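# Working through the structure, step by step
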Amino acid sequence: MSFSDLQLSAPLLKAIKQQGYEQPSPIQEQAIPAVLRGDDVMAAAQTGTGKTAGFTLPILENLIDGPKAKGNQTRVLILTPTRELAAQVAANVATYSQYLPISSAVVFGGVKINPQMINLKKGVDILIATPGRLLDLHSQNAIRFKQLEVLVLDEADRMLDMGFLPDIRRIMKLLPKQRQNLLFSATFSPSIRALAKTIVNKPVEVSVAPANATAAKVKQWLCPVDKKAKSKVLAKLIHDRDWGQVLVFTRTKHGANRLTRELERHHIMATAIHGNKSQAARTRALAEFKQGEVQVLVATDIAARGLDIHQLPHVVNFDLPNVAADYVHRIGRTGRAGAEGEAVSLVCADELDELIDIERLIGRLLPREILPGFEPQQHLVETQLDSRPPRKKKPKKSSKPRSHKDGRSDQSASGNRRTAQHTAANSKKKSTGFLEGNSQGKLNGKPGEKPKSKRSCRPKKTADVNGNVKSSSRRTSAQQDSASQSPWGRRT
Ligand code: AMP
């Protein structure tokens, strides 16, 4: 199939050709006709599949003939969980619409609101927004939805993960009932299906890969290594194997900063991108990485969400993620749109539980390669594939979730409460600002709850609000990073 078979107009075909796309990706083949027909769509598509063009191209086609957006109005609203993804989607919309008289704008938190308000005065045909800033703009009458025709929820799974459910519900109430709804998510977890029921209407379901399947063209392997040797091993891999552009994931912001300094000591240009950095610093770091001025970008999961770096060759998991699904998101950064890529995980003995979870989720064992000279002192136990499907939890029949000033949902708050209880009871680990910010203020373990003294290889698993299976005592990377993401608490 070619793009011209998809009934797209000449200005769109010209923009596509300019991008060098030869044929539609599988998600585009399925989604474009459905969106063009005006159907609601639910698409299970990871980042890297070409999903953005999958919804943007037919939306643009459908907008061509309609009336332009009036002052402070928009015709299409695209909601994204993070600023980086918003900026990325906006860049794609601008690229694909360059030969059309269709306007677009992007709004997100962490930057001044006034220029955004001025920008919206004339109205924009397509608005890309993060939920918190959109609500702020609406409360200041800078945006209205009378003319809204299409709603897109991009990376809906991550929106739930980040506690945006109350904001999404608030936004839904502001939109006209008659509209087209497109919901894109990496997985169709039970919580996503529950959300979808309240948003999409008789949707066409499209799916390009089984949920949580990792990109086929990505060579994945793991390097068993002692924790303290990880940065040396990474530096050696980069030097010896001549890796030009490397995206490295760490679990924490401090870990990202520390690693950046250590790489620089090994004469490797590196920069960090995470929620403690200003938007300007994050944008600059990304631009430097894309232009090749910086060889290594060290990122936390949430900051990396939405990064679109064309054909990124190497992804490194410096730490394994706490939530196995994040592994899939991480390696989705390489092998994008069919290109080949390599994803290596540096795994120490402490990370056995996370490794077991990941291998269970992706349905295979990761091949191992020990770097000569860096044989681990602490043996990483050989794993065996747990072939049971990842445990899924039915979404609770919750009472109407209450919202909080900081944008968290009761759902996420209760998740935190569970975590807090577990944490407090288990090990008296220091409590964090995130936990202390819990709406209920109940952070202590249940009276009489016994601490568990040892971590077993098969810890009790719980599912987060997204249906992801996780070990019970730790926060998700999204939660860790987004806790201090913006001056407005958890809003972006
Ligand atoms: P996305 O999944 O939307 O983040 O897109 C991933 C990458 O694939 C982006 O760099 C797009 O520019 C690229 N892309 C989108 N559609 C195609 C296509 N049909 N052929 C080749 N690359 C594409």
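If you're wondering where the values come from, they're calculated on a predicted model, not measured in any experiment.

Calculation notes
- Residues numbered from 1 in each chain as written.
- Predicted model: local features only at pLDDT ≥ 70, side-chain atom pairs only at ≥ 80, totals over all residues.
- Helix = DSSP H or I, 4+ residues; strand = E, 2+ residues; numbered from the N terminus.
- Buried ≥ 20, exposed ≤ 12 C-beta atoms within 10 Å, placed from the backbone.
- Contact = placed C-beta atoms within 7 Å.
- Pairing = 2+ DSSP bridges.
- Axes fitted to C-alpha atoms, helices over the stretch in contact; angles between N-to-C directions.
- Parallel < 35°, antiparallel > 145°, perpendicular 65-115°, else oblique.
- Left-handed = near helix turned anticlockwise from the far one by under 90°.
- Nonpolar A, V, L, I, M, F, W, Y, C, P; charged D, E, K, R; others polar.
- Expected span 1.5 Å × (residues − 1).

### Details of the overall build of the protein chain
For the protein chain, the count of helices and strands is 18 helices and 15 strands. Looking at the 492 residues of the protein chain, the share that counts as buried comes to 49%. In the protein chain, 77% of the contacts between residues at least 6 apart in sequence involve partners at least 24 apart.

### Comments concerning the sheet that holds strand β13 (residues 341-347)
With respect to topology, six strands assemble into an open sheet ordered β8-β13-β12-β9-β11-β10, the strand pairing being parallel. Two strands bound the open sheet, and with one partner strand each, they are β8 (218-224) and β10 (270-273). If you compare each strand with its neighbour and ignore which way they point, the axes differ by 20° on average. Direction of pairing for strand β9 (residues 246-249) relative to strand β11 (residues 296-299): parallel, over a ladder of four bridges. Within β11, the residue paired with Val248 across the bridge is Val298. Packed onto the sheet, helix α11 (residues 253-265) meets β9, β10 and β11 and runs at close to 175° relative to β10. Seen against the sheet, helix α12 (residues 279-290) touches β10 and β11 and runs at an angle of roughly 140° to β10.

### Focus on the packing of helix α3 (residues 51-63) against helix α4 (residues 83-96)
Close contact between α3 and α4 brings their axes to 10 Å; oriented N to C, the two are set at 45°. Overall, the two elements α3 and α4 adopt an arrangement that is oblique. With respect to the hand of their crossing, α3 and α4 are arranged in right-handed fashion. Along the contact surface, α3 presents Thr52, Ala53, Thr56, Leu57 and Leu60, while α4 presents Val89, Asn92, Val93 and Tyr96. In terms of residue class, the contact of α3 with α4 is built from six nonpolar, three polar and no charged.

### So, α3
Given a rise of 1.5 Å per residue, 13 residues ought to cover 18 Å, and the 19 Å separating the end C-alpha atoms of α3 matches this to within 8%. Extensive coverage of α3 is indicated by the burial of twelve of its 13 residues.

### Notes on the packing of helix α2 (residues 26-37) against α3
One way to put it is that α2 packs onto α3 with a least axis distance of 8 Å and a crossing angle of 25°. Judged by the angle between their axes, α2 and α3 are roughly parallel. Between α2 and α3 the crossing geometry is right-handed. Note on element contacts: α3 touches α2 through Lys51, Ala53, Gly54, Phe55, Leu57, Pro58, Ile59, Glu61 and Asn62, opposite Ile27, Gln28, Ala31, Ile32, Val35 and Leu36. Here the residues of the contact of α2 with α3 are counted per class, giving ten nonpolar, three polar and two charged.

### Details of the sheet that holds strand β3 (residues 104-107)
Taken in spatial order, the seven strands make up an open sheet running β3-β4-β2-β5-β6-β1-β7, and their pairing is parallel. In this open sheet, the two strands that pair with only one neighbour each are β3 and β7 (204-207). Strand-to-strand twist of the sheet, defined as the mean angle between neighbouring strand axes without regard to direction, takes the value 15°. When strand β2 (residues 74-79) meets strand β4 (residues 124-129), the two strands line up parallel, connected through five bridges.

### Things to note about helix α14 (residues 324-331)
Among the eight residues of α14, eight are classified as buried, and the element is accordingly described as predominantly covered. Turning to α14, its buried residues number three or more, namely Ala324, Ala325, Asp326, Tyr327, Val328, His329, Arg330 and Ile331.

### Looking at unusual backbone geometry
Positioned with a positive phi, Gln7 is a non-glycine residue whose angle comes to about 65°. For Gln7, the position within the fold is in the segment before α1 (10-19). Its 11 C-beta neighbours within 10 Å are what place Gln7 among the exposed residues. Even without a glycine there, the phi angle at His267 is positive, about 60°. Mapped onto the fold, His267 is located in the loop between α11 and β10.

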